[in-house]
Amino acid sequence: MGNAVGQPNDSLIAMQDLAALLKGICGEKFVFTDREYLLNYETDQTMNLRYPFDILIKPAFAREISEILKVCNQYNIPVTPRGGGSGVTGGALPVMGGVVLSLERLNRIVCINKLESYVIAESGVVTADLCKAVEEEGLYFPVLPSSGAYSFVGGNVAENAGAINSCKYGNIGAYVLNMEVVLPTGEIIWTGANVSKSATGLNLTPFFVGSEGILGIITQVVLRLLPPCLPEVQLLASFNKLENACNAVQDIKGACLSPAAVELIGKNAITMTAGFLAEPLPLVTPDVTAHLLIGLQEYHPDVLHRSLEKLVTLIAKYTDNDVLVAETTLEKEQLSKLRFNIGNAMTSGGRNYRDIDACIPVGALYNYIRRVEDICAGNNLSLVFFGHALDGNLHTMIVMDETQLAGQTPTLDKAVDGIYEYAISLGGVISGEHGIGSLQKPYLKWQFSPTQLSLMRRLKSFFDPNGILNPGKIL
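In this report, the structure presented in the accompanying data block is examined. (Residues numbered from 1 in each chain as written. Predicted model: local features only at pLDDT ≥ 70, side-chain atom pairs only at ≥ 80, totals over all residues. Heavy atoms only, no water.)

1. Looking at the overall build of the protein
And then number 1: Along its length, the protein carries 17 helices and 18 strands.
And then number 2: With the principal axes as the frame, the protein shows a C-alpha extent of 70 × 55 × 45 Å.
And then number 3: Here the protein holds 475 residues, and the buried ones make up 54% of them.
And then number 4: Pairs at least 24 apart in sequence give 73% of the contacts found in the protein among residues at least 6 apart.
And then number 5: A total of about 20200 Å² of accessible surface is found on the protein, and carbon and sulfur atoms cover 52% of it.
And then number 6: Each charge class in the protein can be summarised by its mean position, and for the 35 positive and 47 negative side chains these summaries are 3 Å apart. (Helix = DSSP H or I, 4+ residues; strand = E, 2+ residues; numbered from the N terminus. Buried < 20%, exposed > 50% of the residue type's maximum accessible area, 1.4 Å probe, protein only. Contact = heavy atoms within 4.5 Å. Areas by Shrake-Rupley, 256 points an atom, 1.4 Å probe, with all protein chains shown as cover. Lys, Arg positive; Asp, Glu negative; His and termini not counted. Charge placed at Lys NZ, Arg CZ, Asp CG, Glu CD.)

Here is the structure:
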C-alpha cells in the first residue's frame, strides 16, 4: 500500500490517516486495507482486468457516504462506487486507485406501495430479490438482467441496464421515479417525486440514470411497478440460414406483435454452449445455424393465444423446422437453458471475452452480423453472437483463450475499432445496456461531436468539481 493518494501538490494525505478518518465515520470493521482482502474488489466481470487500490469501505447509510465523500473531496481522493461487480465494461474498476466504496450493506427494501405501484429500495438490493419481493405483493417489476441473481438495483440504474424483455418493457431507466443521491461534495438530494406524473422544474432524475457513478452515488431508488403479467409462453425456433432468422425478426417487429423477448442465438454460441453443457438440448442439430427464443406475455389468455398463432405462422415462412412451445416453468427452463448458459460457456476452460453490445437498427441486423464475422475472421478472432434481436442490441462477443488475453491486444483493438466504426455508420450506438465504463471510453469520441462531449464534461465538472468520483470512466 502506498504512503499517500490523491492529486498532486498540497492535497495529499497519508493512507493511515485517511483510514483512521474513514473508520471514524462507519466503524473500524467496515474499513479494509488488507491487500489479500482487497483482491476481490480489484476486478469485476470485465475480461481479466485488475486494478489495485488502497482502501475498501462499506457504509450502511447515505449519511455515512456523505461524510466519506466530504473527506475524500477535501483531500482529492479518488472514490470508485461498487455494486454487485457484474459489469463488463470496467465501470466498477478503481482505475485511479484510492478508495472503493461498496454499497453491499445498503441492502434494504424500504417499502412496497401497492396503491401507488412503486417500490423503494436501497441501491445494494440484489435485483432478483427485489423482483421476488414485488411478486409476493402481487405486482411485477419487468427488468431482470441476466446478472439479476447478483447485480444490484443501484448499479442497474447507474448503467441503465436492460434485460431480455426490454423489447417490450424498456430499460430500467423507464421505471425510475425518484432517487436519493449523494453528490461528490457530500450533499444528499432526491431527484424527483414518488408520483406517476411531474412537470415541476428541471427533471434531475435522467442525469443520474446511466451516469455510471460519475455524477453521484445512488443510495435509494423508487421504481414504478406493473400489474402481474400472466399468462406467459415461450417459443424456440431453429433456422438453417441466419438470414432467414434475421428476416423473421424484422417481420416480428413489423407485425403489430409485442413479444416480451426475441433472442437471436448464432451458430458459434449454440455449438460452444451445447458443448459446455454436454447434454441433449432442444433443436441443436448440425444443420441449425441460428435459434430464436421468443417470449410472449399478455394480460388476457385470448390475446396470448392470438399472438401465439400469429407468431408461429410468421416463423413458418422462414423455417421448415419444428417450433417448440413451452407453457410450464419446467418447459420454459428447458427451452431457455442454452441461452442462459452462453456466458458460462464463454468463460469456461480459461476463456474470456471482450464485451461488445452495440445497438443498431433492426433492419441492419443481418448485414451487421456478417460484417462483424468478416472483421473477426480477418483478425483470427473467435466470435460468439447472441442477444436482444428485436432491440437491435445484439451482443457480439470476441472470445479469447488465455494466450490471446495475454498477448493479442493490438489485434483485438483493431477488430473492435472496425466493429464500432461500422455500427456507428449504420446509425447505431456503442452500447445498448452495458455502458461505457473504462473499456468503451476511447470510442465515445466516435459517437459524439466535440460540442456534445464538452457539454458532458462540463456537467461532470459541475457535479464533481474535483473529479474524485469514479474517475477514468466515460469521459
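2. Comments concerning helix H1 (residues 15–26)
And then number 1: Helix length check: H1, at 12 residues, gives a terminal C-alpha distance of 17 Å against a target of 16 Å (1.5 Å per residue), a fit within 8%.
And then number 2: By the burial criterion, the buried members of H1 are Met 15, Leu 18, Ala 19, Leu 22 and Cys 26. Buried residues of H1, seen end-on, are gathered within an arc of 100° and therefore sit on one face of the element. Opposite its buried face, H1 presents the exposed residues Gln 16 and Gly 24, each directed more than 90 degrees away.
And then number 3: Backbone geometry just after H1 places Gly 27 at a positive phi near 100°. (Expected span 1.5 Å × (residues − 1). Arc of directions from axis to C-beta.)

3. Regarding a nonpolar patch on the surface
And then number 1: A surface patch of nonpolar side chains, about 300 Å² in accessible area, is lined by Leu 204, Phe 207, Leu 455 and Leu 459.
And then number 2: Inspection of the secondary structure assignment puts Leu 204 in the loop between strand S10 (188–190) and helix H7 (205–208). (Patch = residues over 30% accessible without salt bridge, like charges linked within 9 Å, V, L, I, M, F, W, Y side chains within 5 Å. Salt bridge = Lys/Arg side-chain N within 4 Å of Asp/Glu carboxyl O.)

4. Description of the nonpolar core
And then number 1: Counting 92 residues, the largest nonpolar core has Leu 223, Leu 264 and Ile 398 as its most contacted members.
And then number 2: A per-element tally of this core places helix H15 (residues 409–425) first, with seven residues.
And then number 3: Excluding residues within four positions of it along the chain, Ile 398 makes contact with Asn 352, Tyr 353, Arg 354, Ile 356, Cys 376, Leu 381, Ser 382, Leu 412, Ala 415, Val 416 and Ile 419.
And then number 4: Counting residues in hydrophobic clusters, the runner-up holds 26 residues, among them Ile 65, Val 79, Val 182 and Leu 469. (Core = buried A, V, L, I, M, F, W, Y, C linked by side-chain atoms within 4.5 Å.)

5. Topic: the sheet that holds S10
And then number 1: Read across the open sheet, the five strands follow the order S7-S8-S11-S9-S10; overall the sheet is antiparallel. What marks the edges here is a single partner per strand, and that holds for strand S7 (109–113) and S10. Pairs of neighbouring strands in the sheet enclose a mean axial angle of 10°, with direction left out of account.
And then number 2: Relative to strand S8 (residues 118–122), S7 is paired through four bridges, and the arrangement is antiparallel. Considered in S8, the bridge of Ile 109 is made with Ala 121. (Pairing = 2+ DSSP bridges. Axes fitted to C-alpha atoms, helices over the stretch in contact; angles between N-to-C directions.)

6. What to know about helix H11 (residues 329–336)
Think of an α-helix as turning once every 3.6 residues; residues three or four places apart then point the same way.
And then number 1: Residues of H11 that are buried: Lys 332, Leu 335 and Ser 336. End-on, the buried residues of H11 take up no more than an arc of 85°, which puts them together on one face.
And then number 2: At its buried positions, H11 is contacted by strand S12 (232–239), strand S14 (290–297) and strand S15 (323–326).

7. Section: empty space enclosed by the protein
And then number 1: Per the stated rule, a full pass over the model turns up one cavity of 30 Å³ or more.
And then number 2: Roughly 50 Å³ of volume is contained in the largest cavity.
And then number 3: Taken together, Leu 236, Ile 265, Leu 281, Pro 282, Val 284, His 291, Gln 334, Leu 335, Leu 338 and Arg 339 form the lining of the largest cavity.
And then number 4: Of the residues assigned to the lining of the largest cavity, the class counts are seven nonpolar, two polar and one charged. (1 Å grid on protein atoms, 1.4 Å probe; cavity = no way out; pocket = protein on both sides within 12 Å on 5 of 7 lines; lining within 4 Å. Points joined across faces, edges and corners; volume = space filled by probe spheres on them. Nonpolar A, V, L, I, M, F, W, Y, C, P; charged D, E, K, R; others polar.)

8. A word on the packing of H1 against helix H3 (residues 62–74)
And then number 1: It is at 9 Å that the axes of H1 and H3 come closest, and there the two elements cross at 160°. Relative to H3, the element H1 is oriented roughly antiparallel. Regarding H1 and H3, the two cross each other, and that crossing is right-handed. Along the contact surface, H1 presents Leu 18, Leu 21, Leu 22, Ile 25 and Cys 26, while H3 presents Glu 64, Glu 67, Ile 68 and Val 71. (Parallel < 35°, antiparallel > 145°, perpendicular 65-115°, else oblique. Left-handed = near helix turned anticlockwise from the far one by under 90°.)

9. What to know about the sheet that holds strand S4 (residues 55–57)
And then number 1: Spatial ordering of the open sheet is given by S3-S4-S6-S5, a layout of four strands whose pairing is mixed. On the outer flanks of this sheet lie strand S3 (31–32) and strand S5 (79–82), each paired with one strand and no other.
And then number 2: Where S4 and strand S6 (residues 99–102) come together, three bridges link them in parallel fashion. Bridge pairing in S6 links Leu 56 to Val 100.
And then number 3: Sheet strands touched by H1: S3, S4 and S6. Its angle to S4, the strand with the most contacts, is close to 5°.

10. So, the layout of surface pockets
And then number 1: Of the volumes computed, that of the second largest pocket is approximately 930 Å³.
And then number 2: Considering the residues around the second largest pocket, the lining is formed by 28 residues, among which Tyr 140, Leu 144, Glu 232, Gln 234 and Gln 297 are closest to the centre.
And then number 3: Of all elements in the fold, only helix H4 (127–136), S12, strand S13 (261–266), S14 and H11 reach the threshold of two or more residues within the lining of the second largest pocket.
And then number 4: Of the residues contributing to the lining of the second largest pocket, the split by class is 16 nonpolar, seven polar and five charged.

11. Brief notes about the pattern of salt bridges
And then number 1: In the structure shown here, the tally under the stated rule is 11 salt bridges.
And then number 2: Here Glu 232 ties to Lys 332 by a salt bridge, and the two come within 3.9 Å at their closest N and O atoms. Taken together, the residues span a long stretch of sequence, with Glu 232 in strand S12 and Lys 332 in helix H11 at a distance of 100 residues.
And then number 3: The class for Lys 332 is buried, based on a relative accessible area of 17%.

These results come straight from atomic positions and should not be treated as a statement about function.
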